[in-house]
Amino acid sequence: MSIEREDDMRKPLVAANWKMHHTQASASAYLRRLVELVPDDPPLELVIFPPATALHIAKAELAGTKIYFGAQNAHPDPKGAFTGEISILQVADLGARFLLCGHSERRLLFHEDDEFVAAKVRAAIKWGLVPILCVGEKLSDRQAGRTWSVVQQQLVASLTGIELKNPAQLVIAYEPVWAIGTGVPALPADVQDMARRIRGWLRQTLGDWAEEIRIQYGGSVTPENARDFLQLPDIDGALVGGASLDPETFWVIAQAGVR
Ligand code: PGA
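Residue positions are given per chain, counted from 1 along the sequence in the order it is written. Residue-level local features of this predicted model are given only where pLDDT is at least 70; pairs of side-chain atoms are given and counted only at 80 or more, and the full residue set underlies all totals for whole chains, interfaces and linings. Neither water nor hydrogens contribute to the side-chain values; these are computed over all heavy atoms in the structure.

So, the overall build of the chain
Along the chain, the regular secondary structure elements total 10 helices and 8 strands. In this setup the radius of gyration rests on C-alpha atoms only. A globule is expected at 2.2 Å times the number of residues raised to 0.38. Relative to the globule expectation of 18 Å for 259 residues, the C-alpha radius of gyration of the chain, 17 Å, shows essentially globular dimensions. For the chain, with 259 residues in total, the buried portion stands at 53%. Pairs at least 24 apart in sequence give 73% of the contacts found in the chain among residues at least 6 apart. About 11,700 Å² of surface is accessible on the chain, with carbon and sulfur atoms providing 52% of the total. Secondary structure elements follow DSSP: runs of H or I of four or more residues count as helices, runs of E of two or more count as strands, with numbering from the N terminus. Accessibility here uses a 1.4 Å probe with only protein chains present; expressed as a share of the type maximum, an area under 20% marks a residue as buried, one over 50% as exposed, and anything in between as partly exposed. Whether two residues are in contact is decided by their heavy atoms, any of which lying within 4.5 Å being enough. Values of accessible area rely on a 1.4 Å probe in the Shrake-Rupley scheme; residue burial ignores everything except the protein chains shown.

Right, dumping it as structure tokens:
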């Protein structure tokens, strides 16, 4: 595809979603290697999402670097009787700068509904974290021609009435559910089409800031295909799962986002 980027106002953001992987020792070894690989002043934003059990390791290993970390999950209430949960205040206290909201694994496996996702987005902003709002259709939606209506409904449900102080306070990740962890990524042309529609919706809702809000692609991103997504005009980064579990591979992917 020969679509060239024109702008540079959205710094690419490439994120590693470790999901339920890495122990304390392997998290520490990963982050030390990543810090060796990445220049002191990286040409793009890098964010690591360790499991909650390694957030303190990320805090220690990434201190003094320009590599950020975030939480894969947090309860929107700052405290309360929620056995087993970790609160937005607690992850903010650990230094998390980002929060994944609405990831399809949380929606489908842990039954998080739109209302709860919306509460997380609001809580993240309130406590000074940047929510990465994941949206995306299931295969059955795509086959039924409902791709945009499903994504639009997720945007409406999570972002209506949202108040931002600046456009860096929100990131959207377009992640088709059928592409996550399957080795079958979406087609770049389809991803660009969805990202353009998402940006159009953001423009209607948030005005000119839509041009500055970053939209990532996620779903089976690898070193081989990263450039096809990361250089699309309306895509400003990637949310990487499986291929982010090794620091060298993750850094190769991230570099495909440099422009
Ligand atoms: P994947 O996961 O890269 O393994 O497909 C992406 C994600 O879940 O965000």
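Still more ground to cover, so stick around.
Things to note about the packing of helix α7 (residues 147-159) against helix α8 (residues 188-206)
For helices, the fitted axis covers only the stretch in contact; all axes are lines through C-alpha atoms, and the angles between them, taken along N-to-C directions, range from 0 to 180 degrees. Taken N-terminus to C-terminus, the directions of α7 and α8 make an angle of 35 degrees; their axes are 11 Å apart at the nearest point. As α7 runs across α8, the sense of the crossing is right-handed. From α7, T147, W148, V151, Q152, L155, V156 and L159 reach across to α8, where they touch M194, R197, I198, W201 and L202. For the contact of α7 with α8, a count of residues per class yields 9 nonpolar, 2 polar and 1 charged. Helix crossings fall into two classes, left-handed where the near helix is turned counterclockwise from the far one by less than a right angle and right-handed where it is turned clockwise. Asp, Glu, Lys and Arg are counted as charged, while Ala, Val, Leu, Ile, Met, Phe, Trp, Tyr, Cys and Pro are counted as nonpolar; the rest, among them Gly, fall into the polar class.

Things to note about the environment of S244
Residue position: S244 is located in the loop between β8 (237-240) and α10 (247-255). Take S244: its relative accessible area is 0%, and that puts it in the buried class. Note: C-alpha distance between S244 and P167 (77 residues apart in sequence) is 26 Å.

Comments concerning the packing of aromatic side chains
For any pair of aromatic rings, geometry is given as the distance between the ring centres together with the angle between the planes. A pair of aromatic rings is counted whenever rings of Phe, Tyr or Trp (Trp by its six-membered ring) have centres within 6.5 Å, and the orientation is called stacked for planes under 30 degrees apart, edge-to-face for over 60 and tilted otherwise. Counted according to the given criterion, the structure contains 3 aromatic pairs. For the ring pair Y68 and F98, a centre distance of 6.3 Å and an interplane angle of 45 degrees mean the geometry is tilted. One end of the pair, Y68, is in strand β3 (residues 67-71); the other, F98, is in strand β4 (residues 98-101), with 30 residues separating them in the sequence. Judged by its relative accessible area of 23%, Y68 falls in the partly exposed class. Ring centres of Y217 and F229 lie 4.3 Å apart, and the angle between their planes is 20 degrees; on these two criteria the pair is classed as stacked. Linking Y217 in strand β7 (residues 214-218) with F229 in helix α9 (residues 226-230), this pair joins segments that are 12 residues apart in sequence. In this structure, Y217 and F229 share a single accessibility class: buried.

Some points on unusual backbone geometry
Only a minority of non-glycine residues have a phi that is not negative, and only a minority of peptide bonds are not trans. A positive phi angle, near 50 degrees, is found at K19, a position not held by glycine. Mapped onto the fold, K19 is located in the loop between β1 (13-17) and α1 (24-37). Positive phi outside glycine occurs at S220, with the angle close to 60 degrees. The residue S220 is located in the loop between β7 and α9 in this model. Residue S220 is classed as buried on the basis of its relative accessible area of 15%.

Comments concerning the confidence of the model for the chain
What pLDDT conveys is the predictor's confidence in a given residue, as a value from 0 to 100. The predicted model of the chain averages 96 in pLDDT, with 97% of residues at 70 or higher. Below pLDDT 50 for its whole length, residues 1-6 participates in 15 contacts with residues either more than four positions away or in separate chains.

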